[in-house]
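# Per-entry structural report
Listed below, chain by chain, are the residues.
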Amino acid sequence: MRKLAGKQNVVLVTGASKSLGKAIASHFSEAGDRVVLGYRSSLKEAEQAAQEIQEKTGNEAVSFVKLDVMDRQQVQDAVQEIIKSFGNIDVLVNNAGVSYGGALIPSNPLDKWEEIVQTNIIGTINCIHAVSLHMLLEQKGSIVNIASVAGLIGMDRLSAYSASKAGVVGLTRSLGKEYAPYNVRVNAVAPGYTEDTGMVDRIPEDQMNQFRKRIAMGRLGQAREIAEAVSFLASDKASYITGQTLVVDGGYM
């Protein structure tokens, strides 16, 4: 990632102790940025992720902070702690999210549905709300939301997840306009089926083979490929891009 005036950027990645979040954090660390891993519950996982990233990238500027995106006060406190420690937050990556399969039918309870929508939309809003004041006052910054192709085309038995990610896409479009006068950019990345992220772990192999046939490139994505897209949108190379959703799906759509 290209540095602003040669300085080290401070990057906050939510849900970064494993899977896609860890891959994104690792990519920023490899580029020389100071990375803060937001984690919800497992301190041990966060410590291990930070150590792995440091060893892999040779960059010791990796730390972690407890940040449950649904706990508004905890999010506010975490952001203030980061700013107090490092002076600023240049990039926010809203990666934390949940997904459960199940159709919206009377026999299925709504509890999980509500959790998905609350976490994926309200959790994202909580993080943006906490970081935005600092960015807007500084008149610089980049926010990248992790959406999904499910939010663009809808997916069977993933109605809650699809609805929540469609909300993230709409939020991205609106905030791109709202924050543009303050030189703060808001974009999103919509991954398709991606390995090493937990995304496909619950899908039976025969069904997964059918999905592969629909992917124009004939394979699943890699977490590093999603991380590359996130890094691009966060960087100065995308300085004239805001309010957009970059689809990274190998031609699935």
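Note that the coordinates shown come from a computational prediction; the quantities given were computed from them, not determined experimentally.

Moving on, we get to the overall build of the chain. For the chain, the helix and strand inventory stands at eight helices and seven strands. At 17 Å, the chain has a C-alpha radius of gyration in line with the 18 Å of a compact globule built from 253 residues. Residue pairs at least 24 apart in sequence account for 74% of intrachain contacts in the chain once pairs closer than 6 positions are excluded. Here the chain has roughly 12300 Å² of accessible surface; of this, 50% comes from carbon and sulfur atoms. Across the chain, the centroid of the 26 positively charged side chains sits 4 Å from that of the 27 negatively charged ones.

So, on to a nonpolar patch on the surface. A surface patch of nonpolar side chains, amounting to about 310 Å² of accessible area, comprises Leu-152, Ile-153, Val-247 and Met-253. Its location among the elements puts Val-247 in strand β7 (residues 245-248). On the accessibility criterion, Val-247 (31% relative accessible area) is partly exposed.

With that settled, the discussion passes to the packing of aromatic side chains. As enumerated under the stated definition, the model contains two aromatic pairs in all. With 6.3 Å between their ring centres and 70° between their planes, Tyr-39 and Phe-64 make a pair best called edge-to-face. Residue Tyr-39 is located in strand β2 (residues 34-39), and its partner Phe-64 is located in strand β3 (residues 62-66); the two are separated by 25 residues in the primary sequence. Geometrically, the ring pair formed by Tyr-193 and Tyr-252 is edge-to-face, given 5.4 Å between the ring centres and 80° between the ring planes.

Further remarks concern the side chain of Ser-29. In this structure, Ser-29 sits in helix α1 (residues 19-30). One polar contact links Ser-29 to Thr-57, side chain to side chain, over a distance of 2.9 Å. In contact with Ser-29, other than residues within four places in its own chain, are Val-35, Ile-53, Thr-57, Asn-59 and Val-62.

Here we come to the sheet that holds strand β4 (residues 91-94). Where strands meet in a sheet, backbone hydrogen bonds hold them as pairs that are either parallel or antiparallel. Spatially, the seven strands line up as an open sheet ordered β3-β2-β1-β4-β5-β6-β7, and their pairing is parallel. Two strands bound the open sheet, and with one partner strand each, they are β3 and β7. Going from strand to strand, the sheet's axes swing by 20° on average, the running direction of each strand aside. In this structure, β4 lies alongside strand β5 (residues 141-146), joined through four bridges in parallel fashion.

Two elements in contact, α1 and helix α8 (residues 223-234), have axes separated by 9 Å at closest approach and are oriented at 55°. By the angle between their axes, α1 is oblique relative to α8. Classified by chirality, the crossing of α8 by α1 is right-handed. Mapping the contact onto sequence places Leu-20, Ala-23, Ile-24, His-27 and Phe-28 in α1 and Ala-223, Ile-226, Ala-227, Glu-228, Val-230, Ser-231 and Ala-234 in α8.

Consecutive side chains along a regular strand alternate between the two faces of the sheet. Here β4 shows a buried face lined by Val-91 and Val-93 and a second buried face lined by Leu-92 and Asn-94. Here strand β1 (residues 10-13) runs beside β4; their pairing, made up of three bridges, is parallel. By the bridge assignment, Val-11 is partnered in β4 with Val-91. Taking the sense of rotation as the criterion, the β-α-β connection linking β4, helix α4 (residues 111-138) and β5 turns out right-handed.

Parameters and conventions
- Residues numbered from 1 in each chain as written.
- Predicted model: local features only at pLDDT ≥ 70, side-chain atom pairs only at ≥ 80, totals over all residues.
- Heavy atoms only, no water.
- Helix = DSSP H or I, 4+ residues; strand = E, 2+ residues; numbered from the N terminus.
- Rg over C-alpha atoms; globule rule 2.2 N^0.38 Å.
- Contact = heavy atoms within 4.5 Å.
- Areas by Shrake-Rupley, 256 points an atom, 1.4 Å probe, with all protein chains shown as cover.
- Lys, Arg positive; Asp, Glu negative; His and termini not counted.
- Charge placed at Lys NZ, Arg CZ, Asp CG, Glu CD.
- Patch = residues over 30% accessible without salt bridge, like charges linked within 9 Å, V, L, I, M, F, W, Y side chains within 5 Å.
- Salt bridge = Lys/Arg side-chain N within 4 Å of Asp/Glu carboxyl O.
- Buried < 20%, exposed > 50% of the residue type's maximum accessible area, 1.4 Å probe, protein only.
- Phe/Tyr/Trp six-rings, centres within 6.5 Å; stacked < 30°, edge-to-face > 60°.
- Polar contact = N/O pair within 3.5 Å; in protein donor to acceptor, adjacent residues only side chain to side chain.
- Pairing = 2+ DSSP bridges.
- Axes fitted to C-alpha atoms, helices over the stretch in contact; angles between N-to-C directions.
- Parallel < 35°, antiparallel > 145°, perpendicular 65-115°, else oblique.
- Left-handed = near helix turned anticlockwise from the far one by under 90°.
- Right-handed = clockwise from strand over helix to strand, strands pointing away.

Treat this as a map of the structure, not an account of what it does.
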